[in-house]
Structure formats: C-alpha cells, structure tokens
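Analysis of the macromolecular model
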Amino acid sequence: MSYSNPTGSTPGTDSQAAPSHETPSIDLAQRRDELAARFAELQCDLGGLAYEMAIRNHVRVEVLVQRAAILQDVDAELSEVERILHLEETGTAGSCASCGAPHSSGAVYCWQCARPLLEHVSGDSISA
Ligand SMILES: [Zn+2]
C-alpha cells in the first residue's frame with residue numbers, strides 16, 4: 001500500500017476539525033460504503049463457491065457455513081453503522097452524558113433519564 005500523505009492531510013475538512021471523542025459521520029458513511037462493498041464481495045464469493053461445489057456434486061457444508069459466518073459478521077456491522085447513520089440523519093445532535101441515549105439538537109432534557117442536557121451542551125459547545 002503506497003503512503004504518500006505523511007501528515008494525513010484531507011483537503012477541505014480543516015475548518016471543522018472535530019474533537020477526538022466524537023465520531024465524525026463522514027467516517028461512518030465511508031465505513032458503510034466499505035462494509036457494503038465487502039458484503040457484496042463476500043456474498044459473490046459465497047455464491048460462486050456454492051456453485052462450484054454444486055456442479056461438482058460435492059457440497060462441503062462446513063466451508064459454506066464458515067464463509068456465511070464471516071458474511072454475517074460484516075452484515076451485522078453494516079446494520080449497526082446504518083442504524084447510527086440513520087440516527088444522525090434524523091437530527092441527533094449528541095448523546096446524553098449520563099446514560100448515553102442520543103438526543104436531538106433542540107432537546108433540553110434527556111428523554112431516557114431526564115437529565116438536563118443544556119449544561120452539557122453549553123459546556124463543550126461548538127467553538128465558533
Ligand atoms: Zn440520559
């Protein structure tokens with residue numbers, strides 16, 4: 001793998017450098033694409049493998065199950081990433097400092113544990 005960027009510069013994103021404890025959604029979107037591509041590739045492999053076995057009338061179930069388990073892992077992670085991305089798309093601004101439940105940008109109290117969210121927001125709000 002060639003490594004031509006020593007400082008890992010990503011042009012265009014310098015103005016909104018996020019704190020390290022937050023997960024930028026751009027990474028999640030990228031990860032979703034990677035997982036989706038990997039899932040498609042593994043699924044294609046599995047299909048091809050099953051076909052090769054079938055036409056030779058020699059299906060090795062344990063090999064197929066093993067491959068399917070890898071596919072299942074990728075699928076599970078993909079579902080999780082898509083779930084988080086969906087939360088962000090529906091206006092989630094952050095998570096409760098007390099219980100970790102996601103809340104929207106206009107929320108004053110946590111919907112789950114009723115903790116006031118305002119002091120958390122004003123504490124480390126976006127530096128403008
Ligand atoms: Zn909470």
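Residues numbered from 1 in each chain as written. Predicted model: local features only at pLDDT ≥ 70, side-chain atom pairs only at ≥ 80, totals over all residues.

Here we take up the overall build of the protein chain. Looking only at helices and strands, the protein chain has three helices and two strands in total. The linear arrangement of helices and strands in the protein chain, starting from the amino end, is α-α-β-β-α. Across the 128 residues that make up the protein chain, the buried fraction comes to 3%. A separation of at least 24 residues holds for 34% of the contacts in the protein chain among residues at least 6 apart in sequence. (Helix = DSSP H or I, 4+ residues; strand = E, 2+ residues; numbered from the N terminus. Buried ≥ 20, exposed ≤ 12 C-beta atoms within 10 Å, placed from the backbone. Contact = placed C-beta atoms within 7 Å.)

Right, let's get into the environment of Leu28. Relative to the elements of secondary structure, Leu28 occurs in helix α1 (residues 25-55). The class for Leu28 is partly exposed, based on 16 C-beta atoms found within 10 Å.

Quick look at unusual backbone geometry now. Negative phi values dominate among residues other than glycine, just as trans dominates among peptide bonds. Phi at Asn57 is positive, roughly 55°, even though this residue is not glycine. Tracing the backbone shows Asn57 in the loop between α1 and α2 (61-89). Positive phi, normally seen in glycine, also occurs at Ala114, with a value near 65°.

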